[in-house]
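# Remarks on the overall topology
What follows is each chain in one-letter form.
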Amino acid sequence: MTGAESGLGIVDAHHHVWDLSVRDQDWISGAELAQLRRDFTLDDLAPEARAAGVTATVLVQTVTVAQETPEFLALAADSDLVAGVVGWTDLSAPDIAETVAGLRAGPGGEHLVGMRHQVQSEPDPRWLVRPEVLRGLSALADAGLVYDLVVKPHQLASAVEAAQRLPGLTFVLDHLGKPPIVSGELAPWAERIRRLAALPNTVCKLSGMVTEADWGSWTIEDLAPYADTVLDAFGPGRLMFGSDWPVCKLAATYSEVIAVAHELTAGLGPAERHDLFTGTAVRTYDLAVTAGPALPQEPPCA
């Protein structure tokens, strides 16, 4: 544990913002997502995050639009909360190295820590191991960035293959790989998770569980088998907390998501809890963070 880490509170390693007057979020459609169809800003997030003991965050891309990443970096430059940005760029573009260099040279460029693509929406289950995508991922490794994986269970096999082919790139699995919590099934998701976790260049976010469960009736008991699986497979040293705010609002408040994460990991010791809620994110994303309130040793009340 570094000195900077030891003085930190919680790092929320996964959240979003959007301004619909700047850009439409075309994935927000239908009555069930209606409560998300408004602006969500850092000013909205900050009071909820601070109240929950969060002292730093990672802002993650929402749409596959190149302009979003420099916008997010500029937000981070003006924020005392956002410590890192996971952006988007076209992995298949031959000039990806120049694109990354340009982003780093712009406002807030020092906050660029990784990239992500909406692989979950790709019809090709082997999209991640296309030659042009692997070249792009290799360029991210050369640039010292990490790659966030947003995939569905059937795409985990390709994630394993990509991580095997690129041992110099850290792959961060978002939302546990979207397990089928509503149905309660563990297989074959759990076996695929263990295959991914067996690779040392992989990390997982304890995030997105409440929205993979039944939004209106989920319980801790519904979530526990999935949290236990990734805890056993990755260990707290390769697991990090993420709220998935504001998407989590479909099923839980910000404070509820943090309380649930504490309850699901109540059996961990202080050092392990520090890893999961702070240290893993700081190390994985190489966050330049400053000290804040120390991480509480006991879970907060829900």
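Here, every reference points to the structure presented above.
Here we summarise the structure given alongside this text. (Residues numbered from 1 in each chain as written. Predicted model: local features only at pLDDT ≥ 70, side-chain atom pairs only at ≥ 80, totals over all residues. Heavy atoms only, no water.)

### Side note on the nonpolar core
Threshold: Here, the term nonpolar core denotes a set of buried Ala, Val, Leu, Ile, Met, Phe, Trp, Tyr and Cys residues that are joined through side-chain atoms within 4.5 Å. Only protein chains enter the accessibility calculation, which uses a 1.4 Å probe; a residue whose area is less than 20% of its type maximum is buried, one above 50% is exposed, and one in between is partly exposed. Secondary structure follows DSSP: runs of H or I at least 4 residues long count as helices, runs of E at least 2 residues long count as strands, and numbering of each begins at the N terminus. Note on contacts: a residue pair qualifies if any of its non-hydrogen atoms lie within 4.5 Å across the two residues.
Counting 87 residues, the largest nonpolar core has Leu137, Leu140 and Tyr147 as the members making the most contacts within it. The element contributing the most residues to this core is helix H9 (residues 220–234), with nine residues. Not counting the four nearest positions on each side in its chain, Leu137 is found in contact with Leu91, Leu128, Tyr147, Leu166, Leu169 and Phe171. If you look at the next biggest cluster of nonpolar residues, it comprises 18 residues, including Ala56, Ala83, Val146 and Val172.

### A word on the pairing of strand E5 (residues 146–149)
Heads up, the condition is: Orient the strands so they point away from the viewer; a crossover is then right-handed if the path from the first strand over the helix to the second runs clockwise. Here a strand pair is declared whenever DSSP counts at least two bridges between the two strands.
Residues Val146 and Asp148 line one face of E5 and the alternating positions Tyr147 and Leu149 line the opposite face, and both faces are buried. This β-α-β element, strand E4 (residues 112–117) to helix H5 (residues 131–142) to E5, shows right-handed connectivity. Sheet topology places E5 next to strand E6 (residues 171–173); three bridges connect them, and they run parallel. Note on E6: the bridge partner recorded for Leu149 is Leu173. Read as a crossover between parallel neighbours, the route from E5 over helix H6 (residues 156–165) to E6 is right-handed.

### Section: the packing of aromatic side chains
To keep it simple, the criterion reads: Aromatic pairing here means that ring centres of Phe, Tyr or Trp (its six-membered ring) are within 6.5 Å. Orientation follows from the plane angle: under 30 degrees is stacked, over 60 is edge-to-face, and everything else is tilted.
In this structure the tally under the stated criterion is six aromatic pairs. For the pair Tyr147 and Phe171, a centre-to-centre distance of 6.1 Å together with 80° between the ring planes defines the contact as edge-to-face. Taken together, the residues span a long stretch of sequence, with Tyr147 in strand E5 and Phe171 in strand E6 at a distance of 24 residues. Taken as a pair, Tyr147 and Phe171 share a single burial class, namely buried. Connected via pairs of aromatic rings, a cluster forms that spans Trp18, Trp27, Phe40 and Trp245.

### Section: the packing of H6 against helix H7 (residues 189–197)
Where we set the bar: All axes are obtained by fitting lines to C-alpha atoms, using only the stretch in contact for helices, and the reported angles, taken between N-to-C directions, cover 0 to 180 degrees. For classification purposes, an angle smaller than 35 degrees is called roughly parallel, one larger than 145 roughly antiparallel, one from 65 to 115 roughly perpendicular, and anything else oblique. Following the grouping adopted for this structure description, the nonpolar residues are Ala, Val, Leu, Ile, Met, Phe, Trp, Tyr, Cys and Pro, the charged ones are Asp, Glu, Lys and Arg, and the polar ones are all others, Gly among them.
The interhelical angle for the contact between H6 and H7, taken along N-to-C directions, is 10°, at an axis separation of 9 Å. Considering their axes alone, H6 and H7 lie roughly parallel with respect to each other. Contacts from Leu156, Ala157, Ala159 and Val160 in H6 reach Trp189, Arg192, Ile193, Arg195 and Leu196 in H7. Taken together, the residues that form the contact of H6 with H7 break down as seven nonpolar, no polar and two charged.

### Describing a negative patch on the surface
Defined as follows: Exposure above 30% relative accessible area and no salt bridge define the residues that can form patches, which grow by joining like charges within 9 Å and nonpolar side chains of Val, Leu, Ile, Met, Phe, Trp and Tyr within 5 Å. With residues, only the protein chains shown are counted as cover, and all accessible areas are computed by Shrake-Rupley using a 1.4 Å probe. The working definition used for a salt bridge is a side-chain nitrogen of Lys or Arg within 4 Å of a carboxyl oxygen of Asp or Glu. Asp and Glu count as negative and Lys and Arg as positive, but His and the ends of the chain are not part of the count. Where a charge sits is defined by one atom per residue type, namely NZ (Lys), CZ (Arg), CG (Asp) or CD (Glu).
On the surface, a cluster of negative charge is contributed by Asp19, Asp39, Asp43 and Asp44. With respect to the secondary-structure elements, Asp39 resides in the loop between strand E1 (10–15) and helix H2 (42–51). Taking relative accessible area as the criterion, Asp39 reaches 32% and is therefore assigned partly exposed.

### As for the pairing of E1
For E1, the buried fraction is high: six of the six residues fall into the buried class. Examined bridge by bridge, E1 and strand E2 (residues 54–60) share four bridges and lie parallel to one another. Looking across to E2, one finds that Asp12 is bridged to Thr57. As for the winding sense of the linkage, the β-α-β connection from E1 through H2 to E2 is right-handed.

### Quick word on the pattern of salt bridges
Per the stated rule, a full pass over the model turns up twelve salt bridges. Residues Arg130 and Asp124 are paired through a salt bridge, measuring 3.1 Å at the closest nitrogen-oxygen approach. Note on Arg130: relative accessible area 30%, which makes it partly exposed. Via salt bridges that share partners, Arg116, Asp148, Asp174 and Lys205 belong to a single interconnected network.

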